[in-house]
Amino acid sequence: MVKASQPQPNGKVAGTEFVQSLARGLAVIRTFDAENPRQSLSQVARSTGLSRATARRFLLTLVDLGYVDSDESQFWLTPKVLELGYSYLSSMPLTEVAAPHLEKLRSRLGESSSVSILDGTDIVYVARVQVRRIMTVDITIGTRFPAHATSMGKVLLASLNETDFASYLRRATERDEPGRPGFDEATLRGEIEAARKRGWSMTDQELEPGLRSLAAPIKDESGATVAAINISTHAMRYTLDQLHDDFVPALLSAASAISEDLATVNR
């Protein structure tokens, strides 16, 4: 299974203005995930590269602020951490606008549907409705995956101009993380160009064996792509022809409806 990746510094802040302590505090929070919901001080220090003394200061500060709890031997996040993400989601009309359309798409096709945005070299899920299937991909709001390995990522990359795409390629190439899918630039360019021409993209078991996904762009009132919507299913459930004939029209219809509603809200 491909594990969701963590945000990386983008180098846009001048060295004199970069607050290292804030970056370290956020790094401590990000060490907690589905595989590491509870950690010892040593684990946090090892994951962040901080000394035990430094990691301890950050953890105790987070405990005092209410974002982390502890029984003195282990630490874990509290529900208060959700406030950080909620502040972002509540400021986005996209999530509220998309919700009913995702529900309708799930009811129509009987498969999970999601909306994501591009953040650096990853996509980030900002809305999702799912069905219960035997799949190993664990996806929730905030989950991140490499853009080049996902249908939504390819749709979002297709919206970039050449300068921004070149920047994406440079940053994606620099990220050599264990378990992170690699890519061939020529192949990726071909897939993105195809997505740009036909208005949708499909990935066939690139992110996870057995997982197929189709995606289409969501646009704002100016026609700029601001997000992507997808529908995902198991490869054994439908043939590629069935996906093209049945799923693509429904997906494009949902993407268009969300785009229209989003434009109305933003007027």
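None of these values were measured; they are calculated from a predicted model. Going along each chain's sequence as written, the residues are numbered from 1 onward. The predicted nature of this model means local features are confined to residues of pLDDT at least 70 and side-chain atom pairs, given and counted, to a pLDDT of 80 or more, with totals for whole chains, interfaces and linings taken over all residues. Note: side-chain values were computed over all heavy atoms of the structure, leaving out hydrogens and water.

Caption draft 1: Fine view of the sheet that holds strand β6 (residues 144-146). For two strands to count as paired, DSSP must find a minimum of two bridges between them. What counts as a helix is a DSSP run of H or I of at least four residues, what counts as a strand is a run of E of at least two, and both are numbered from the N terminus. One open sheet accounts for 6 strands, arranged β6-β5-β4-β9-β8-β7; its pairing is antiparallel. Of all the strands in the sheet, the pair left with one neighbour each is β6 and β7 (201-204). Neighbour-to-neighbour, the strand axes of the sheet open up by a mean angle of 30°, direction not taken into account. With 9 bridges joining them, strand β8 (residues 211-219) and strand β9 (residues 225-234) adopt antiparallel strand pairing. Following the sheet pairing, Pro217 is matched in β9 by Ala228. Axes here mean lines fitted to C-alpha atoms, for a helix over just the part in contact, with angles spanning 0 to 180 degrees between N-to-C directions.

Caption draft 2: Just the pairing of strand β5 (residues 122-129), in detail. Residue burial is assigned from relative accessible area. The probe radius is 1.4 Å, only protein chains are included, and a residue is buried under 20% of its type maximum, exposed over 50%, and partly exposed in between. In terms of burial, β5 is largely enclosed, as 7 of its 8 residues are buried. When strand β4 (residues 112-119) meets β5, the two strands line up antiparallel, connected through 7 bridges. Residue pairing across strands places Ser113 opposite Val129, the latter belonging to β5. Connecting β4 to the antiparallel partner β5 that follows it, the hairpin turn spans 2 residues, and Gly120 within it adopts a positive phi of roughly 65°. Pairing analysis gives 3 bridges linking β5 to β6, with the strands arranged antiparallel. Paired with Ile123 across the strands is Phe145, a residue of β6.

Caption draft 3: Just a nonpolar patch on the surface, in detail. A contiguous nonpolar surface patch, about 260 Å² in accessible area, is contributed by Val19, Leu22 and Leu26. Turning to its location among the elements, Leu26 is positioned in helix α1 (residues 20-30). Like charges are joined within 9 Å and nonpolar side chains (Val, Leu, Ile, Met, Phe, Trp, Tyr) within 5 Å, but only among residues with over 30% relative accessible area and no salt bridge; these make up the patches. Residue-level accessible areas treat just the shown protein chains as cover; the underlying method is Shrake-Rupley with a 1.4 Å probe. Any carboxyl oxygen of Asp or Glu that lies within 4 Å of a side-chain nitrogen of Lys or Arg is treated as forming a salt bridge with it.

Caption draft 4: Looking closely at the packing of aromatic side chains. A pair of Phe, Tyr and Trp rings is counted when the ring centres sit within 6.5 Å of each other, with Trp represented by its six-membered ring. The angle between the planes then sorts it: under 30 degrees is stacked, over 60 is edge-to-face, the rest tilted. The tally for this structure, following the rule as stated, stands at 3 aromatic pairs. On the numbers, 5.9 Å between centres and 25° between planes, the contact of Phe165 with Tyr168 is stacked. With Phe165 and Tyr168 both in helix α7 (residues 162-174) and 3 residues apart, the pair spans about one turn of that helix. When its relative accessible area of 6% is taken as the criterion, Phe165 is described as buried. Residue class for Tyr168 comes out buried when judged on its relative accessible area of 1%. Note on geometry: a ring has a charge over it if NZ (lysine) or CZ (arginine) is within 6 Å of the ring centre and within 35 degrees of the ring normal. Geometry around Trp76 places Arg38 over its ring, the cationic atom sitting 3.9 Å from the centre.

Caption draft 5: Main features of the environment of Ala27. The topology assignment puts Ala27 in helix α1. For Ala27 and Phe58, which are 31 residues apart along the polypeptide, the C-alpha to C-alpha distance reads 9.9 Å.

Caption draft 6: Region of the structure containing the nonpolar core. The biggest cluster of nonpolar side chains holds 29 residues, and the ones touching the most others in it are Leu94, Leu105, Val115, Leu214, Ile218 and Ile229. Only α5 (93-109), β4, β5, β8, β9 and α9 (240-266) provide two or more residues apiece to this core. The greatest single-element share of this core, amounting to 9 residues, is contributed by α9. Here the nonpolar core consists of buried residues drawn from Ala, Val, Leu, Ile, Met, Phe, Trp, Tyr and Cys, with membership extended through side-chain atoms lying within 4.5 Å. Residues Ala149, Met152, Leu169 and Leu207 belong to the second largest nonpolar core, which totals 21 residues.

Caption draft 7: Inspection of the pairing of β8 at higher detail. Most of β8 is tucked away: 8 of the 9 residues are buried. Looking at chain direction, β7 and β8 are connected through 4 bridges and run antiparallel. Paired with Met202 across the strands is Leu214, a residue of β8. The turn linking β8 back onto β9 is made up of 5 residues, and Gly223 within it adopts a positive phi angle of 95°.

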